[in-house]
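# Remarks on the overall topology
So you can see what is in the structure, the chains are spelled out below.
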Amino acid sequence: EPEVTQTPSHQVTQMGQEVILRCVPISNHLYFYWYRQILGQKVEFLVSFYNNEISEKSEIFDDQFSVERPDGSNFTLKIRSTKLEDSAMYFCASSETRRNEKLFFGSGTQLSVL
Amino acid sequence: AQSVTQLDSQVPVFEEAPVELRCNYSSSVSVYLFWYVQYPNQGLQLLLKYLSGSTLVKGINGFEAEFNKSQTSFHLRKPSVHISDTAEYFCAVMDGYRSTLTFGKGTMLLVSP
């Protein structure tokens, strides 16, 4: 079965540093998402991306966050200046249609901000 | 805004026993409901979904869920669990007008011999 690939699986960074989390969605998918899960809390929606632009974002997704599809295969999430509270598991997801009837998630990147 | 409640953070059961994982959501005119499973060190995998039609939905690995509109519930059941079912289970809802999922906090199913 096709899968969404995320790298790295673990990322440790110092507070204030920039991080880029990478994702390779399934090749024929058109809709891309980032979700995150802070330890012990719910999985939360961050942003959705379609046709090279953000289609929806949550209030979590402030100016410190950005997404990009630089080369037609990768989908990245950048955090410009990390804070301690950004520590979480970040999940990338992709789907063929907008309705998420079959949404594929990656295995996540565990980000630890020290 | 939608919300999803999974009242049980952890459910311990013995192998071959039945299990029910509870999920309630805030009411909306039109919702799609999902259960995802997360095995250790893996991503979220779709177990089953309710979009429309029959309120009893069957998924992978012998799981099923029943959509109950009057009780705004979508409980997940399995008649006989295996050790390999040990994982975290997430209920999620998407209303008919958006494309984003709202997740519950998850229920850890612990199956012991």
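In the block above lies the structure referred to throughout.
Presented here is an overview of the structure given in this document. (Residues numbered from 1 in each chain as written. Chains lettered and ligands numbered in written order. Predicted model: local features only at pLDDT ≥ 70, side-chain atom pairs only at ≥ 80, totals over all residues. Heavy atoms only, no water.)

### Let's talk about the overall build of chain B
A tally of helices and strands in chain B yields 0 helices and 12 strands. Of the regular secondary structure in chain B, the N- to C-terminal order runs β-β-β-β-β-β-β-β-β-β-β-β. A compact globule built from 113 residues would reach a C-alpha radius of gyration of about 13 Å, and chain B, at 13 Å, matches this within 12%. By principal-axis analysis of the C-alpha atoms, chain B measures approximately 45 × 30 × 20 Å. Expressed as a percentage of its 113 residues, the buried residues of chain B come to 49%. Partitioning the intrachain contacts of chain B with sequence separation of at least 6 by distance along the chain shows that 56% fall at a separation of at least 24. Looking at chain B as shown, the accessible area adds up to about 5,300 Å², and 51% of this sits on carbon and sulfur atoms. Once the 8 positive and 9 negative side-chain charges of chain B are each reduced to a mean point, those two points are 8 Å apart. (Helix = DSSP H or I, 4+ residues; strand = E, 2+ residues; numbered from the N terminus. Rg over C-alpha atoms; globule rule 2.2 N^0.38 Å. Buried < 20%, exposed > 50% of the residue type's maximum accessible area, 1.4 Å probe, protein only. Contact = heavy atoms within 4.5 Å. Areas by Shrake-Rupley, 256 points an atom, 1.4 Å probe, with all protein chains shown as cover. Lys, Arg positive; Asp, Glu negative; His and termini not counted. Charge placed at Lys NZ, Arg CZ, Asp CG, Glu CD.)

### Re the interface of chain B and chain A
With 23 residues of chain B at the interface, the matching set in chain A holds 18 residues. Taking both sides of the interface into account, the surface hidden between chain B and chain A amounts to around 1,800 Å²; carbon and sulfur atoms contribute 54%. Applying the counting rule to chain B against chain A returns 0 salt bridges. Our count for the chain B to chain A interface comes out at 2 residue pairs in polar contact (both at pLDDT 80 or more). Tallying contributions element by element places strand S5 (residues 31-38) of chain B first for the side of chain B that touches chain A, with 4 residues. (Buried area = accessible area lost by both parts, 1.4 Å probe. Salt bridge = Lys/Arg side-chain N within 4 Å of Asp/Glu carboxyl O. Polar contact = N/O pair within 3.5 Å; in protein donor to acceptor, adjacent residues only side chain to side chain.)

### So, the pattern of salt bridges
All names here are of chain A. The full count for this structure, using the stated rule, is 7 salt bridges over all chains. We note a salt bridge from aspartate 86 to arginine 36, for which the minimum N-O separation is 4.0 Å. On the criterion of sequence distance, the pair formed by aspartate 86 in the loop between strand S8 (75-79) and strand S9 (88-95) and arginine 36 in strand S4 (residues 31-37) is long-range, its members being 50 residues apart. Accessibility expressed as a relative area gives 3% for aspartate 86, which makes it buried. A relative accessible area of 8% means that arginine 36 is categorised as buried.

### Description of the layout of surface pockets
When its volume is computed, the largest pocket comes out at roughly 630 Å³. The wall of the largest pocket is formed by 28 residues, among which Gln37(A), Leu39(A), Gln38(B), Glu88(B) and Phe90(B) lie closest to the centre. Breaking the lining of the largest pocket down by element, the ones donating at least two residues are S9 of chain A together with strand S10 (87-95) of chain B. Tallied by class, the residues present in the lining of the largest pocket amount to 10 nonpolar, 15 polar and 3 charged. Taken as a whole, the second largest pocket spans an internal volume of roughly 470 Å³. Elements with a minimum of two residues in the lining of the second largest pocket: strand S10 (104-105) of chain A together with strand S6 (44-50) of chain B. The class makeup of the residues in the lining of the second largest pocket is 9 nonpolar, 6 polar and 4 charged. (1 Å grid on protein atoms, 1.4 Å probe; cavity = no way out; pocket = protein on both sides within 12 Å on 5 of 7 lines; lining within 4 Å. Points joined across faces, edges and corners; volume = space filled by probe spheres on them. Nonpolar A, V, L, I, M, F, W, Y, C, P; charged D, E, K, R; others polar.)

### Quick notes on unusual backbone geometry
Note: most residues except glycine have negative phi, and most peptide bonds are trans. Residues and elements named next belong to chain A. For the peptide bond that leads from threonine 7 to proline 8, omega is -10°, which places it in the cis range. Residue placement: proline 8 occurs in the loop between strand S1 (5-7) and strand S2 (10-13). Positive phi outside glycine occurs at asparagine 51, with the angle close to 55°. Structurally, asparagine 51 is set in the loop between strand S5 (43-50) and strand S6 (53-57). We note that asparagine 52 has phi near 65°; this positive angle belongs to a residue other than glycine. The residue asparagine 52 is located in the loop between S5 and S6 in this model.

### Notes on the sheet that holds S1(A)
All names here are of chain A. Read from one edge of the open sheet, 4 strands run S1-S3-S8-S7, paired in antiparallel fashion. At either margin of the open sheet sits one strand with a lone partner, and together these are S1 and strand S7 (65-68). Averaged over all adjacent pairs, the angle separating strand axes in this sheet is 20°, with direction ignored. (Pairing = 2+ DSSP bridges. Axes fitted to C-alpha atoms, helices over the stretch in contact; angles between N-to-C directions.)

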